[in-house]
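Overview (structure and organization)
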Amino acid sequence: MQQSKANEAIPVCELWQKSRLYVTDQFLQPPVVLRIDDSIIGTLGNFSASTGKAKSKKTFNICAIVASALTNGTVLNYRSDFPHAKRKVLYVDTEQSPFHCQRVLKRILSLADLSTEKQPDALEFLCLRGSDPKTRLSIIEYAIYNIPHLGLVIIDGIRDLVYDINSPSESTSLITKLMQWTDERQIHIHTVLHLNKGDDNTRGHLGTELNNKAETVLQVTKDDMDKDISSVASMYIRDRDFEPFAFRINEDSLPELIENYQPQQPLKKKAFDYKEVSEAKHQEALEAVFSIGESLSYASLIERLRLCYTDAGYAFGVSKAKQLKQFLTNKRMVIQSEDKQYRYNPNFYY
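Our subject in this report is the structure included herewith.

1. Details of the overall build of the protein
- When helices and strands are tallied, the protein shows nine helices and 16 strands.
- A globule of 350 residues ought to have a C-alpha radius of gyration of about 20 Å, and the protein, at 22 Å, matches this closely.
- Judged by the C-alpha coordinates and their principal axes, the protein covers about 65 × 60 × 45 Å.
- The buried share among the 350 residues of the protein stands at 48%.
- With the model as given, the accessible surface of the protein reaches about 18,400 Å², and the carbon-plus-sulfur share is 49%.
- Within the protein, the 45 negative side-chain charges are centred at a point lying 4 Å from the centre of the 44 positive side-chain charges.

2. Description of the state of the cysteines
- For the coordinates displayed, the defined rule picks out zero disulfides.
- The thiol of cysteine 101 is unpaired, and the distance to the nearest cysteine sulfur, on cysteine 127, comes to 3.5 Å.
- Residue cysteine 101 is classed as buried on the basis of its relative accessible area, which comes to 3%.
- Judged by relative accessible area, cysteine 127 falls into the partly exposed class, the value being 32%.

3. Regarding the sheet that holds strand β1 (residues 32-36)
- Taking strand neighbours across the sheet as the criterion, the four strands line up as β2-β1-β5-β4 in an open arrangement whose pairing is antiparallel. Sheet topology places β2 (39-43) and β4 (74-75) at the edges, where each strand pairs with a single neighbour.
- By the bridge criterion, four bridges tie β1 to β2 in an arrangement that is antiparallel. Its bridge partner being in β2, isoleucine 36 is matched across the sheet by serine 39.

4. Here's the deal with the packing of aromatic side chains
- Within the structure shown, the criterion is met by five aromatic pairs.
- Ring plane angle 20 degrees and centroid distance 6.1 Å describe the contact between phenylalanine 290 and tyrosine 344, whose orientation is recorded as stacked. Here phenylalanine 290 is found in the loop between α7 (279-289) and β14 (295-296), whereas its partner tyrosine 344 is found in strand β16 (residues 342-344), with 54 residues between them in sequence.
- Residue class for tyrosine 344 comes out buried when judged on its relative accessible area of 18%.
- One cation-aromatic arrangement involves arginine 107 over phenylalanine 60; the distance from NZ or CZ to the ring centre is 4.0 Å.

What counts as what
- Residues numbered from 1 in each chain as written.
- Predicted model: local features only at pLDDT ≥ 70, side-chain atom pairs only at ≥ 80, totals over all residues.
- Heavy atoms only, no water.
- Helix = DSSP H or I, 4+ residues; strand = E, 2+ residues; numbered from the N terminus.
- Rg over C-alpha atoms; globule rule 2.2 N^0.38 Å.
- Buried < 20%, exposed > 50% of the residue type's maximum accessible area, 1.4 Å probe, protein only.
- Areas by Shrake-Rupley, 256 points an atom, 1.4 Å probe, with all protein chains shown as cover.
- Lys, Arg positive; Asp, Glu negative; His and termini not counted.
- Charge placed at Lys NZ, Arg CZ, Asp CG, Glu CD.
- Disulfide = S-S within 2.5 Å.
- Pairing = 2+ DSSP bridges.
- Phe/Tyr/Trp six-rings, centres within 6.5 Å; stacked < 30°, edge-to-face > 60°.
- Lys NZ or Arg CZ within 6 Å of the ring centre and 35° of its normal.

Here is the structure:
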């Protein structure tokens, strides 16, 4: 097994020298390998992600990305352009059984117009449902450093590479691994992580770290007015944004692009949407919430949220306050301690 350079014992003085950057340095732009229309979604040396709620057809969307990479062509709205020496794809599924993984594999090959009777040399598929997080991580790392001509890695179920999705140390360690692998192997990694059931935040501290470091985060969403349709939009993107597009599953169980998709808007907007409150307003309200003490019980927190957000210009009832509390803890703006008390985290990422 090849060893990662980051695992070698390198003196700190040497690391310092290697980390210094000068205005006269010259760097090549990372090769763009994945686009939606003219927007850059993925480059070599970086990672991206897809997210969405359960049953939003995230895996169908990923199949289109992989099929595009295998053909170096366009599938749905994904357009791939991998260099000749980076045409191998590694697909890792951490959630599904071998039976369902094989269905995904056949779906990819059908989308790429390749035979489903023969395993293509350009695609390696790993089913890791039966392994623990540490073993999964080791297998993936081994594959990444030992598959020649690797260009794209899909990790469908990155949550299953950690024991605790809310652990800051585990989350930081895993995201560091992604950055290390992509940099050292000059590959692109695309991961999949669920959204919370109650809001549109990626799950746990891992989701927060993923949003902060990913080149692009795509969100797959079921259409509110037609549950047979799923749309793809950018949640975060470093390049210019693209127009959302949508697909439905056809009679061959394959994702099929819907031309000229226009989502229908709900007739009435809710009076208070905590996701639209600015970071500064959240900070102002939360500082007032915890001005009476560093820690609060659940009941006190709910009452203080209602009172202090009303003072900040947002009035709502108990039910909405409970939803707001869940939003704030998911974003780690408010943290629950082992003693079941709630504390304000002023160093949150919004």
